[in-house]
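Structural characterization, general
One-letter residues, chain by chain:
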2 protein chains.
Amino acid sequence: MKYLDVDDIKRIATGATMLGAGGGGNPYVGALMAIGAVRENGRVKLYEASEIGDNWLTVPSSMMGAPAVQLEKFPNGIEFQNAFSVLEKKLGKKVQATFPIEAGGVNSMIPIMVAAKTGLPLIDVDSMGRALPELQMSTFSLYGHDASPMVVADEKGNTVLLETIDNTWTEKIARAVSVKMGATAAVASFALTGRELKEAGVWGTLSLCQQIGRIIESLNTYPSTKAALEAILKLTRGFYFMSAKITDIVNVTKDGFNFGTTKLEGIDQFAGKQASISFQNENIIFKMDGRVMITAPDIISMVDLDTLQPMTNEDLKYGKRVRILGLPCNAKWRTQAGIEMVGPRYFNYDVDYQPVEDLYDSYTDSVKK
Amino acid sequence: MKYLDVDDIKRIATGATMLGAGGGGNPYVGALMAIGAVRENGRVKLYEASEIGDNWLTVPSSMMGAPAVQLEKFPNGIEFQNAFSVLEKKLGKKVQATFPIEAGGVNSMIPIMVAAKTGLPLIDVDSMGRALPELQMSTFSLYGHDASPMVVADEKGNTVLLETIDNTWTEKIARAVSVKMGATAAVASFALTGRELKEAGVWGTLSLCQQIGRIIESLNTYPSTKAALEAILKLTRGFYFMSAKITDIVNVTKDGFNFGTTKLEGIDQFAGKQASISFQNENIIFKMDGRVMITAPDIISMVDLDTLQPMTNEDLKYGKRVRILGLPCNAKWRTQAGIEMVGPRYFNYDVDYQPVEDLYDSYTDSVKK
């Protein structure tokens with residue numbers, strides 16, 4: 001167990017945005033919210049997954065909805081209090097710890113806020129090791145766990161308890177509810193025992209985010225931006241694909257998601273190359289000169305060319321200069337069931353998943369020839 | 001208490017369609033469903049409102065959604081069993097009787113099916129005395145009762161328990177859920193005590209439907225169609241406005257509703273007159289030669305010219321010859337709160353509500369001059 005202070009929270013927000021792959025919500029908004037709660041209620045206790053009891057009732061706290069809207073609609077905490085209370089009544093048991101459902105600028109911060117307000121322990125685990133757009137896209141689903149009974153709640157006091165036949169139905173219905181609640185809503189789902197969480201979760205995601213954030217925060221202590229970038233790539237086992245300028249952005253909020261495509265033009269040693277990233281909240285596919293370079297579930301991250309600050313798809317601006325990174329996803333996703341759930345074909349791309357390291361190698365080989 | 005047999009059910013379905021004002025669902029589908037349940041499980045006991053206990057827990061059973069879709073999606077009963085069971089768990093009490101939320105070809109039949117399948121008493125009461133398109137449009141709302149806790153359930157086994165801050169939020173969220181469940185879903189809402197139901201409900205709606213249905217069924221025992229029509233108008237205190245031919249139908253299913261306008265051309269003594277009826281599931285406003293003749297909450301009914309069979313807005317056919325009737329709504333609607341909730345302005349018509357009898361009188365006066 002360790003305590004998280006305000007600086008830790010900022011670092012986690014930064015790192016989570018990198019793993020957020022363009023989605024997961026705005027880290028500035030997320031951090032403000034979590035820091036406010038910690039300032040008011042005191043520091044949060046972060047437990048390693050190995051430290052929690054097998055019989056604890058653990059419930060992730062998360063926001064559902066289009067990240068573009070979360071900027072305008074700040075959760076006030078009451079929605080999580082209500083969501084937990086309805087779920088506890090349903091289960092006849094008190095929630096004993098919370099954790100993030102995913103890595104993301106907002107969704108990594110929400111459980112910190114909840115932990116601060118409720119005094120619940122926070123666990124260093126999530127259910128993706130990245131951010132993903134749909135509710136059933138969780139390593140918990142891969143282990144056969146149901147998202148339901150699940151509660152969706154808004155800041156006005158409305159709550160909705162779902163009991164569904166599978167996680168795809170939970171996603172469908174909860175998404176429609178969150179749209180009506182103002183395009184974003186609080187969610188308490190996937191109530192698991194400590195033992196189930198240890199087996200089905202991705203361990204150490206918050207710590208990894210914190211380490212990434214620390215490198216970016218201390219960029220000026222590195223001999224060069226390149227050296228800091230290399231430290232990040234070593235930590236995440238990732239690859240640097242391209243530096244580029246944003247030349248076009250299409251971004252539409254529809255059915256509770258942000259959909260879009262970002263067009264890029266290579267700069268520096270990548271000058272002359274054309275590239276694109278398509279997203280559904282999160283970046284799904286990255287192509288360079290028509291060639292598929294990275295696909296979900298591997299993580300397609302865009303960072304500022306100079307500061308290495310990771311960007312969400314709401315931060316995109318015409319002319320902005322960025323770097324494209326590809327980070328391998330958690331091994332739990334690299335299974336047949338994982339690829340079926342979150343691979344490119346699920347998102348309607350006629351492309352087979354190939355690990356980012358293979359795509360990177362075959363591309364650099366082809367360049368050498 | 002009396003028993004309802006198969007013929008009673010058919011009569012109720014017919015009469016409920018007249019009070020359904022173009023909405024409320026297809027009476028043939030509704031009757032099939034209720035008759036099937038009665039044939040399988042035995043007759044249903046119909047109680048007068050005065051006969052039920054003050055402390056009974058009463059819950060209406062209804063379908064929510066676009067009537068056009070209900071034709072294709074037959075409820076199998078399990079959705080109501082699940083909806084009641086979730087609501088009972090929430091309230092910690094067993095439901096002791098059920099009743100229709102509104103008069104309509106489907107929604108008057110659903111509680112008969114539920115009563116037959118569960119053995120629960122059916123109460124001769126509803127919460128509208130007609131059909132209305134939105135969930136908060138209920139005399140129960142006028143008496144300050146909440147629709148929530150409310151359960152929406154589908155035939156697959158998905159259930160959603162809503163606890164909302166007001167009935168407008170219940171409508172919004174439940175509508176979105178019902179759309180995702182396939183545009184129509186089972187609803188258990190407005191859990192009331194017997195005493196509350198007696199105060200806030202519209203008494204005798206099922207009996208009234210049955211009497212209307214009996215007149216239409218025995219049309220050939222009347223000296224003329226006109227005589228049978230007069231018997232209906234006497235029973236309902238209604239007015240005969242026009243006979244006409246349908247010349248145009250616009251009908252769009254959107255956001256869980258059927259929206260549209262029916263254009264009519266007068267025939268017989270009404271030849272030369274142009275008229276229109278606009279609807280949102282139910283008919284909202286009837287105009288003749290540009291003059292407003294009937295508005296919600298009074299009941300705008302279209303019946304077959306010859307058979308007097310009432311028609312829903314899914315039965316409309318180009319060239320069909322019909323009669324337009326205007327029936328006064330229940331007195332509970334003719335209050336300021338009632339008119340605000342379901343009057344023409346709520347449906348975005350820039351028209352003040354005037355009682356159908358006044359509009360009829362001033363029209364016939366103007367014709368005489």
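Residues numbered from 1 in each chain as written. Chains lettered and ligands numbered in written order. Predicted model: local features only at pLDDT ≥ 70, side-chain atom pairs only at ≥ 80, totals over all residues.

Observations regarding the domain arrangement of chain A
Residue and element names in this part refer to chain A. Keep this limit in mind: Start and end positions for the domains come from either an automated domain assignment or a database one. Note on contacts: each residue gets a C-beta atom placed from the backbone, and two residues are in contact if those atoms are within 7 Å. Under the scheme used here, helices are H or I runs from DSSP no shorter than 4 residues and strands are E runs no shorter than 2 residues, and both carry numbers assigned from the N terminus. Under the convention adopted here, Pro, Cys and the residues Ala, Val, Leu, Ile, Met, Phe, Trp and Tyr are nonpolar, Asp, Glu, Lys and Arg are charged, and Gly plus all remaining residues are polar.
The domains assigned to chain A are domain 1 (2-203) and domain 2 (223-368). With 31 residues of domain 1 at the interface, the matching set in domain 2 holds 27 residues. Put simply, the parts of the chain that give the side of domain 1 that touches domain 2 at least two residues each are α1 (6-19), α3 (67-70), α6 (139-142) and α7 (167-180). The biggest single contributor to the side of domain 1 that touches domain 2 is α1, with four residues. A class-by-class count of the residues in the side of domain 1 that touches domain 2 yields 15 nonpolar, 14 polar and two charged.

Focus on the relation of the copies chain A and chain B
Turning one copy of the chain about an axis and sliding it along that axis gives the other copy, so a rotation and a shift relate them. Note the threshold: The copies are overlaid by a least-squares fit using only the C-alpha atoms of residues whose pLDDT is at least 70 in both copies.
Superposition record for chain A on chain B: RMSD 0.0 Å, screw rotation 180°, translation along axis 0.0 Å. Taken together, the turn and the small shift mark the pair as related by a two-fold rotation axis. The position closest to the rotation axis in chain A is occupied by the C-alpha of Leu161(A), lying 2.4 Å away. A symmetric contact is evident, with 100% of the interface residues of chain A recurring at the interface of chain B.

A word on the packing of helix α2 (residues 27-41) of chain A against helix α5 (residues 110-118) of chain A
Residues and elements named next belong to chain A. This is how it is decided: Here an angle of 0 to 180 degrees is reported between the N-to-C directions of two axes, which are lines fitted to C-alpha atoms, with helices fitted over the stretch in contact. Convention used here: angles under 35 degrees read as roughly parallel, angles over 145 as roughly antiparallel, angles from 65 to 115 as roughly perpendicular, and any remaining angle as oblique. In a left-handed crossing the near helix is turned counterclockwise from the far helix by less than a right angle, and in a right-handed crossing that turn is clockwise.
Where α2 meets α5, the axes come as close as 8 Å, and the angle between the chain directions of the two elements is 15°. Put simply, α2 runs roughly parallel to α5. Taken as a pair, α2 and α5 cross one another with a handedness that is left-handed. Mapping the contact onto sequence places Met33, Ala34, Ala37, Val38 and Asn41 in α2 and Ile112, Met113, Ala116 and Lys117 in α5. Of the residues that constitute the contact of α2 with α5, the class distribution is seven nonpolar, one polar and one charged.

Examining the packing of helix α1 (residues 6-19) of chain B against helix α9 (residues 205-217) of chain B
Residue and element names in this part refer to chain B. At a closest axis distance of 6 Å, the pairing of α1 and α9 adopts a crossing angle of 100°. As the angle between them shows, α1 and α9 are arranged roughly perpendicular. Here α1 contributes Asp8, Lys10, Arg11, Ile12, Thr14, Gly15, Ala16, Met18 and Leu19 to the contact with α9, which in turn contributes Leu206, Leu208, Cys209, Gln210, Gln211, Ile212, Gly213, Arg214, Ile216 and Glu217. Among the residues forming the contact of α1 with α9, the class breakdown is nine nonpolar, five polar and five charged.

Remarks on the sheet that holds strand β7 (residues 159-163) of chain B
What counts is decided by this rule: Paired strands, as defined in this entry, are two strands with at least two bridges between them according to DSSP.
The antiparallel open sheet is built from eight strands, whose spatial order is β4(A)-β8(A)-β6(A)-β7(A)-β7(B)-β6(B)-β8(B)-β4(B). Edge positions in the sheet fall to β4 (61-65) of chain A together with β4 (61-65) of chain B, since each has one partner strand and no second. Each neighbouring strand pair of the sheet contributes to a mean axis angle of 25°, computed without reference to strand direction. Where strand β6 (residues 150-153) of chain B and strand β8 (residues 184-188) of chain B come together, three bridges link them in antiparallel fashion. Across the sheet, the residue bridging to Ala153(B) is Ala186(B), located in β8(B).

Observations concerning unusual backbone geometry
Note the following rule: Note on burial: count the other C-beta atoms lying within 10 Å of the residue's C-beta; 20 or more is buried, 12 or fewer is exposed, in between is partly exposed, and C-beta positions come from the backbone.
Here the residue pair Ala296(A) and Pro297(A) is connected by a cis peptide bond, since its omega of 5° sits within 30 degrees of zero. With respect to the helices, strands and loops of the structure, Pro297(A) is situated in the loop between β15 (291-295) and β16 (299-304). In this model, Ser148(B) is joined to Pro149(B) through a cis peptide bond whose omega is 0°. Of note in this structure, Asn348(A) is not a glycine but carries a positive phi near 70°. Note that Asn348(A) resides in the loop between α11 (336-342) and α12 (356-368). By the C-beta count within 10 Å, which is 8 here, Asn348(A) ends up exposed.

Some points on the nonpolar core
Here is the rule: As used here, a nonpolar core is made of buried Ala, Val, Leu, Ile, Met, Phe, Trp, Tyr and Cys residues. They are joined through C-beta atoms within 7 Å.
Core analysis: the biggest nonpolar cluster contains 226 residues, and Val152(A), Val177(A) and Val177(B) have the highest contact counts within it. Those residues in contact with Val177(B) that sit more than four places away from it in its chain are Ile173(A), Ala176(A), Val177(A), Val152(B), Val160(B) and Ala185(B).

Focus: α1(B)
All names here are of chain B. Put simply, the rule reads: Helix span is expected to be 1.5 Å times the residue number reduced by one.
Taking 1.5 Å as the rise per residue, α1 with 14 residues should run 20 Å; its terminal C-alpha atoms sit 20 Å apart, in good agreement. Counted residue by residue, α1 has twelve buried out of 14 residues, so it is predominantly covered. Lining the buried residues of α1 we find β1 (2-4), α2 (27-41), α5 (110-118), α9 and β16 (299-304). With its phi angle positive at about 55°, alanine 21 sits one or two positions after the end of α1.

Side note on the interface of chain A and chain B
Chain A puts 17 residues into the contact, and the matching count from chain B is 17 residues. Among the elements that line the side of chain A that touches chain B, the one with the most residues is α7(A), at seven residues. In terms of residue class, the side of chain A that touches chain B is made up of nine nonpolar, four polar and four charged. As defined by bridge partners, strand β7 (residues 159-163) of chain A adjoins β7(B) across five bridges and the pair is classed as antiparallel. Paired with Val160(A) across the two strands is Leu162(B), which belongs to β7(B).

Digging into the environment of Ile267(A)
Residues and elements named next belong to chain A. Note that isoleucine 267 resides in the loop between β12 (257-266) and β13 (274-280). Taking the C-beta count within 10 Å as the criterion, isoleucine 267 has 17 such neighbours and is therefore assigned partly exposed. Here the alpha-carbon distance between isoleucine 267 and valine 125, two residues 142 residues apart in the chain, equals 37 Å.

Side note on the pairing of β15(A)
Residue and element names in this part refer to chain A. With four bridges connecting them, strand β14 (residues 282-288) and β15 associate as antiparallel partners. What sits directly across from phenylalanine 286, in β15, is isoleucine 294. Hairpin connection from β14 to β15: two residues lie between these consecutive antiparallel strands, with aspartate 289 at a positive phi of about 45°.

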